[in-house]
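# Overview (structure and organization)
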Amino acid sequence: MQKLLRTLEFAHMTVGRFVKSGDSVIDATAGNGNDTLFLARLVGEKGRVFAFDVQEKAIINTKNLLQQNGLISRAQLIKDGHEHIEKYIGEEVSAVMFNLGYLPGGDHSIVTRPNHTIGGVEASLNLLSSEGVITLVVYTGHPGEQEEWNYLEKYVKNLNKKKYRVLLYKFLNTKESPFLVAVEKL
Ligand SMILES: C[S@@+](CC[C@H](N)C(=O)[O-])C[C@H]1O[C@@H](n2cnc3c(N)ncnc32)[C@H](O)[C@@H]1O
């Protein structure tokens, strides 16, 4: 049995250490809703999940998944880019999850873009409570993804070490697997 956590499992385990029942949190890339569902369970009845996606299909898929699980009342689904999250949220959040790239099973030409991703991370840092976390699952296998990572890597490496801790979780002997960046606000 493999004991090292896969990247997505590691992302969930990490977020679980920061979020308590009743918190507000953000899924910055709702996609098929898996992370939104995970967050909706984590925040409990009194918590709130704000989930963003630029695609109608992703918003519908996420809505369906939450409804099937009886958790739609804990989420607000917003069809807009994560670079605009401050237009919609005026409260502190304890976690923000990004899962970059395209919608699995959807239009592969609609992908996260470096300037929007950096804008989303910047906005997330403004809303993040101290002792909060941002996670980013990053892929580098498709056109544009390496470029996105180049920008993002430069950005997170330059975050002030007195205010943030930045982690990279990466398997080194396989190119297929995505990797995780986590930013802890001190
Ligand atoms: C890899 S998928 C997310 C998977 C999702 N977390 C899940 O659990 O199913 C990436 C998503 O990011 C969305 N996206 C692309 N650009 C975006 C932006 N600027 N703001 C928000 N979402 C965006 C895409 O439409 C796509 O659905």
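Preceding this paragraph is the structure being described.
So, here is what we can say about the structure in this document.

Reading the values: the criteria
- Residue numbers restart at each chain and count upward from 1, following the sequence in its written direction.
- Only residues with pLDDT of at least 70 are given local features in this predicted model, and only at 80 or more are side-chain atom pairs given and counted; all residues enter the totals for whole chains, interfaces and linings.
- A set of buried residues drawn from Ala, Val, Leu, Ile, Met, Phe, Trp, Tyr and Cys, joined through C-beta atoms within 7 Å, is what defines a nonpolar core.
- Put simply, a residue is buried when 20 or more other C-beta atoms lie within 10 Å of its own C-beta and exposed when 12 or fewer do; between those, it is partly exposed, and each C-beta is set from the backbone.
- Remark: residues whose backbone-derived C-beta atoms lie within 7 Å of one another are considered to be in contact.
- Axis angles are defined between N-to-C directions and span 0 to 180 degrees, where every axis is a line fitted to C-alpha atoms and, for a helix, only to the segment in contact.
- Numbering of helices and strands runs from the N terminus; a helix is a DSSP stretch of H or I covering at least four residues, while a strand is a stretch of E covering at least two.
- Here the word oblique covers every angle except those under 35 degrees (roughly parallel), over 145 (roughly antiparallel) and from 65 to 115 (roughly perpendicular).
- Here a crossing is taken to be left-handed if its near helix is turned anticlockwise relative to the far helix by less than a right angle, and right-handed if that turn runs clockwise.
- Gly falls in the polar group here, along with every residue not listed as nonpolar (Ala, Val, Leu, Ile, Met, Phe, Trp, Tyr, Cys, Pro) or charged (Asp, Glu, Lys, Arg).

### A short note on the nonpolar core
Ala95, Val96 and Leu136 are the most contacted members of the largest nonpolar core, which totals 47 residues. Not counting residues within four places of it along the chain, the set of residues in contact with Ala95 comprises Val15, Phe18, Val19, Val25, Gly132 and Val133.

### A word on the packing of helix H2 (residues 34-43) against helix H3 (residues 56-68)
In contact at an axis separation of 9 Å, H2 and H3 are set at 40° when each is read in the N-to-C sense. Here H3 runs oblique to H2, going by the angle between their axes. Relative to H3, H2 is oriented so that their crossing is right-handed. Within the contact between the two elements, H2 uses Thr36, Leu37 and Ala40 and H3 uses Thr62, Leu65 and Leu66. Across the contact of H2 with H3, the residue classes break down as four nonpolar, two polar and no charged.

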